[in-house]
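Survey of secondary and tertiary structure
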Amino acid sequence: FDYRFEGIKQWMYYTGFTGLPFEGGQLDLELGYTFDWATKPRLSVEGFYATKDYQQLFPTVHKWLGYADVLGRRNIGGFVIHASSGTFYDTKVMLDIHHFQRVDKLGPAYKLNGTTVLGTLTNSNALNVGDEIDLTINHQLTKMLGITAGASLFISGQYLKEQKATVPHLDFYYAQLDMKF
């Protein structure tokens, strides 16, 4: 059994349009279990929540919000189901299924860089932003060298469909060489 918890609370004073202070925050909790079998399969579920005023300091969330990097950690909530298993010959397979929803109907969905997914559109009552499926395969060639290949599929939810997103889904593929030193 394993778990991971992350919680952040921000208090900020913004001297922009209103000059009023505002607060932001985010929570992330993951619970998992690794089976004591030869290939060590692991199954976990993760829940996440970030307010519409949360200001992400470092725009790297693909490990938590999907490898396609469609959304940032602001006005977003949802869950992820993680499944992984080592196979024979030093190969590991991982499958992640993400579900994304807006936390506040008055705020848009945001990208990693802090801009909105579709400009400034917020005139939707739909909360469902979309779903992402990530498949990753890693093979260790040596103790210090491995190769990783992955594929991601992002499927637009009702919110993006109502905003007339030009692409109903997004595909992302990659391959990389991993070196440890």
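Quick look at the structure, then. (Residues numbered from 1 in each chain as written. Predicted model: local features only at pLDDT ≥ 70, side-chain atom pairs only at ≥ 80, totals over all residues. Heavy atoms only, no water.)

**As for the overall build of the protein**
In plain terms, the rule: Only DSSP runs of H or I with at least four residues qualify as helices, and only runs of E with at least two residues qualify as strands; both kinds are numbered from the N terminus onward. Remark: exposure states derive from per-residue accessible area (1.4 Å probe, protein chains only) relative to the maximum for the residue type, with buried under 20%, exposed over 50%, and partly exposed in between. What makes two residues a contact is simply this: any of their non-hydrogen atoms within 4.5 Å. Residue-level accessible areas treat just the shown protein chains as cover; the underlying method is Shrake-Rupley with a 1.4 Å probe.
Summing up its helical and strand segments, the protein has two helices and eight strands in all. Mapped from its N terminus to its C terminus, the protein presents α and β elements in the order β-β-β-α-β-β-β-β-α-β. Counting every position in the protein, which comprises 181 residues, the buried fraction comes to 33%. A separation of at least 24 residues holds for 58% of the contacts in the protein among residues at least 6 apart in sequence. A total accessible area of about 11,100 Å² is found for the protein, and carbon and sulfur atoms account for 65% of it.

**Looking at the pattern of salt bridges**
Formally: Take a side-chain nitrogen of Lys or Arg and a carboxyl oxygen of Asp or Glu: if they are within 4 Å of each other, that pair is a salt bridge.
Considering all chains together, one arrives at eight salt bridges under this definition. For R4, the salt bridge identified is with D28, shortest N-O distance 3.2 Å. You can see R4 sitting in strand β1 (residues 2–13) and its partner D28 sitting in strand β2 (residues 21–34), a full 24 residues away along the chain. According to the relative accessible area criterion, R4 is partly exposed, its value standing at 25%. For D28, a relative accessible area of 1% puts it in the buried group.

**Regarding the environment of E46**
Let me state the cut-off plainly: N or O atoms closer than or at 3.5 Å make up a polar contact, with two conditions inside protein: a donor-capable atom paired with an acceptor-capable one, and, for residues adjacent in sequence, both atoms drawn from side chains.
Of note, E46 is situated in strand β3 (residues 42–50). Judged by relative accessible area, which is 1%, E46 ranks as buried. Placed 14 residues apart in sequence, E46 and G32 show a C-alpha to C-alpha distance of 8.5 Å. Not counting chain neighbours up to four residues away, the residues in contact with E46 comprise R4, D28, L29, E30, W64, G78, F79, V80 and H82. Within the local environment of E46, its side chain forms a polar contact with the side chain of R4, the two groups lying 3.0 Å apart.

**Points about the pairing of strand β6 (residues 128–140)**
This is how the line gets drawn: When DSSP locates at least two bridges between a pair of strands, those strands are taken to pair.
As defined by bridge partners, strand β5 (residues 91–102) adjoins β6 across eleven bridges and the pair is classed as antiparallel. Looking at the pairing, T91 lines up with H139 of β6. In this sheet, strand β7 (residues 145–156) lies alongside β6 in antiparallel orientation, the contact comprising eleven bridges. Considered in β7, the bridge of D134 is made with S152. Linking two consecutive strands that pair antiparallel, namely β6 and β7, is a turn of four residues.

**Some points on the packing of aromatic side chains**
Threshold: Aromatic rings from Phe, Tyr and Trp, taking only the six-membered ring of Trp, are treated as a pair when their centres fall within 6.5 Å; an angle between ring planes under 30 degrees marks them as stacked, one over 60 as edge-to-face, and anything in between as tilted. Only lysine NZ and arginine CZ atoms are considered, and such an atom sits over a ring when it is within 6 Å of the ring centre and within 35 degrees of the ring normal.
In the structure shown here, the tally under the stated rule is six aromatic pairs. A network of ring pairs unites the aromatic residues Y33, F35 and W37 as a single cluster. Taking NZ or CZ as reference, R74 lies 4.1 Å from the ring centre of Y110, over its face.

**Focus: the nonpolar core**
Basically, it comes down to this: Among the buried residues, those of types Ala, Val, Leu, Ile, Met, Phe, Trp, Tyr and Cys that are joined through side-chain atoms within 4.5 Å form a nonpolar core.
The biggest cluster of nonpolar side chains holds 17 residues, and the ones touching the most others in it are F48, L71, I76, F100, V129, F154 and Y159. Broken down by secondary-structure element, the contributors of at least two residues to this core are β3, β4 (76–86) and α2 (158–162).

**Examining unusual backbone geometry**
Unusually for a residue other than glycine, D69 sits at a positive phi of about 55°. Here D69 shows up in the loop between α1 (62–65) and β4. By relative accessible area, which is 30% here, D69 ends up partly exposed. Positive phi, normally seen in glycine, also occurs at D90, with a value near 60°. Note on placement: D90 falls in the loop between β4 and β5.

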